[in-house]
Structures are given as C-alpha cells and as structure tokens.
Amino acid sequence: MAGNRTFSMIKPHAVADNHIGGILKLMEEGGFRIVAMKKTQLSAQQAGKFYEVHSERPFYGELCEMMSAGPIVALILEKENAVADFRKLIGATDPAEAEPGTIRSIYAKSKGENAVHGSDSDENAAIESAFFFSGFERY
Ligand SMILES: Nc1ncnc2c1ncn2[C@@H]1O[C@H](COP(=O)(O)OP(=O)(O)OP(=O)(O)O)[C@@H](O)[C@H]1O
C-alpha cells in the first residue's frame, strides 16, 4: 500500500528514559497502526549504514555514536498519508522549534537527541523498513 506506511525509530535516550510507552501512545492516538515493532540495538557500523545519506554532514560521527549507544525501538506505522502525517506528529528536528504537543516537543532533549526518527519519503520508508524487518514480520 504505497503512501500508507512509514518507518520510525525510538532513539536510545528515549528508550533509556522509559519513554517507549508514552511515545507509542502518541503514535496510536495520532491515528497510526503499529504494523511491525522490534527492540534491538544497532552497532556503530549499522547506524552508519542507516544514516549513510548524512555521511558528509558535520554531525555524522556524533549521530552514529548516539544511535548505537543503547537499545532502540524500530517500527513500521500505517495510516493514510503516513510519511507526511507522521513528520507532522513528531515535529521539527530541533525541539526548540517543534510545535507544542508534538512527540519531539515532549520527549526530545536536543537536535541530536530528538526522541524519534521518521522517514522523509515513501522511498526511504520502504528502504528503512527493509533494513529492520523481513516481509513476514509485518502484520
Ligand atoms: N545539528 C545537529 N546536531 C546534531 N545532530 C543532528 C543535527 N541535525 C540533525 N541531527 C541528527 O540527525 C538526524 C537526521 O537529521 P535530519 O536533518 O534528517 O533530521 P530529521 O529528518 O528531522 O530527522 P530524522 O531523519 O531522524 O527523522 C536528526 O534526527 C538528529 O538526530
């Protein structure tokens, strides 16, 4: 169902601070159905691969280190217009600019430790989902 799914990750600092439940609640209340969900930990190398598009950015090293510092929760989420609506639900990258009520406005600590990831296109949602989940893990 093209356009109806996105990929998200709950970042290590939010998992470490016991915010998995609070964040899932906002996802479900935002109209998203959980299609697949997994708690796991990335190696620095895997984080590097996931964020390869940012490899030239000055924060790439810090980002890979942060994303592999502890367990994460990976999710495939379903809703009409999933990619755009989910980015609206999570709010701006920088929590100082995130709209009140968005996931990042509540749970982000900084630009880097911003609680959740959300895919920025249908194509990337498909690539990122395949990075974590096989076909038979999606319900
Ligand atoms: N200036 C920065 N300093 C540190 N980390 C940053 C900075 N800018 C972005 N990041 C980190 O890199 C991630 C990817 O950056 P991007 O610009 O694609 O933001 P995004 O699309 O809002 O986030 P995501 O792709 O995780 O949903 C951000 O979520 C954040 O964790």
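Since this is a predicted model, take the numbers as computed values, not measurements. (Residues numbered from 1 in each chain as written. Predicted model: local features only at pLDDT ≥ 70, side-chain atom pairs only at ≥ 80, totals over all residues.)

## A few points about the overall build of the protein
Piece 1. For the protein, the helix and strand inventory stands at seven helices and four strands.
Piece 2. Listing the helices and strands of the protein from first to last along the sequence gives β-α-α-β-α-α-β-α-α-β-α.
Piece 3. Within the protein, buried positions represent 35% of all 139 residues.
Piece 4. Expressed as a percentage of contacts within the protein between residues at least 6 apart in sequence, the contacts between residues at least 24 apart total 71%. (Helix = DSSP H or I, 4+ residues; strand = E, 2+ residues; numbered from the N terminus. Buried ≥ 20, exposed ≤ 12 C-beta atoms within 10 Å, placed from the backbone. Contact = placed C-beta atoms within 7 Å.)

## Focus on the UniProt feature "active site" (unreviewed entry) in the protein
Piece 1. Residues annotated in UniProt with the feature "active site" (unreviewed entry) correspond here to His117.
Piece 2. Topologically, His117 is positioned in strand E4 (residues 116–118).
Piece 3. Overall, the presence of 19 C-beta atoms within 10 Å leaves His117 in the partly exposed class.
Piece 4. With near-sequence residues (within four places) excluded, His117 lies in contact with Ser8, Met9 and Lys11. (UniProt positions renumbered as here; feature names shortened; annotations may be inferred.)

## Let's talk about the site of the ligand
Piece 1. The ligand sits among His54, Phe59, Glu62, Leu63, Thr93, Lys111, Gly112, Asn114, His117, Gly118 and Asp120.
Piece 2. Listing elements by their share of the shell around the ligand, those giving two or more residues are helix H4 (60–67) and E4. (Near = placed C-beta within 6 Å.)

## A word on the nonpolar core
Piece 1. The biggest cluster of nonpolar side chains holds 33 residues, and the ones touching the most others in it are Ile10, Ile23, Ile72 and Leu77.
Piece 2. With six residues, strand E3 (residues 72–78) is the largest single contributor of residues to this core.
Piece 3. Not counting residues up to four positions away in its chain, the partners in contact with Ile23 are Ile10, Ala14, Ile103, Tyr107, Ala115 and Val116. (Core = buried A, V, L, I, M, F, W, Y, C linked by C-beta atoms within 7 Å.)

## Some thoughts on the sheet that holds E3
Piece 1. Strands sit in the order E2-E3-E1-E4 across an open sheet of four strands; the sheet is antiparallel. Of all the strands in the sheet, just strand E2 (33–40) and E4 have a single pairing partner and so form its edges. The sheet shows a mean angle of 20° between the axes of neighbouring strands, taken without regard to direction.
Piece 2. Sheet topology note: the strand E1 (residues 5–10)/E4 ladder contains three bridges and is antiparallel. Note on E4: the bridge partner recorded for Met9 is His117. (Pairing = 2+ DSSP bridges. Axes fitted to C-alpha atoms, helices over the stretch in contact; angles between N-to-C directions.)

## Remarks on the confidence of the model for the protein
Piece 1. Taken residue by residue, the protein gives an average pLDDT of 96. The fraction at 70 or more is 99%.
Piece 2. The complex model carries a pTM of 0.96, and its ipTM stands at 0.92. (pLDDT = per-residue confidence, 0-100.)

## Some points on unusual backbone geometry
Glycine aside, residues mostly have negative phi, and peptide bonds are mostly found in the trans state.
Piece 1. With phi around 55°, Asn81 is a residue other than glycine that occupies positive phi space.
Piece 2. Inspection of the secondary structure puts Asn81 in the loop between E3 and helix H5 (82–90).
Piece 3. The exposure class of Asn81 is exposed, given the 12 C-beta atoms found within 10 Å.

## Considering the pairing of E3
A regular strand places its side chains so that they alternate between the two faces of the sheet.
Piece 1. Burial analysis of E3 places six of its seven residues in the buried class, the great majority of the element.
Piece 2. Bridge count for E1 against E3 is six bridges, and the pairing is antiparallel. Each residue of the ladder has a partner; that of Ser8, found in E3, is Leu75.
Piece 3. In this sheet, E3 lies alongside E2 in antiparallel orientation, the contact comprising seven bridges. What sits directly across from Ile34, in E3, is Leu77.

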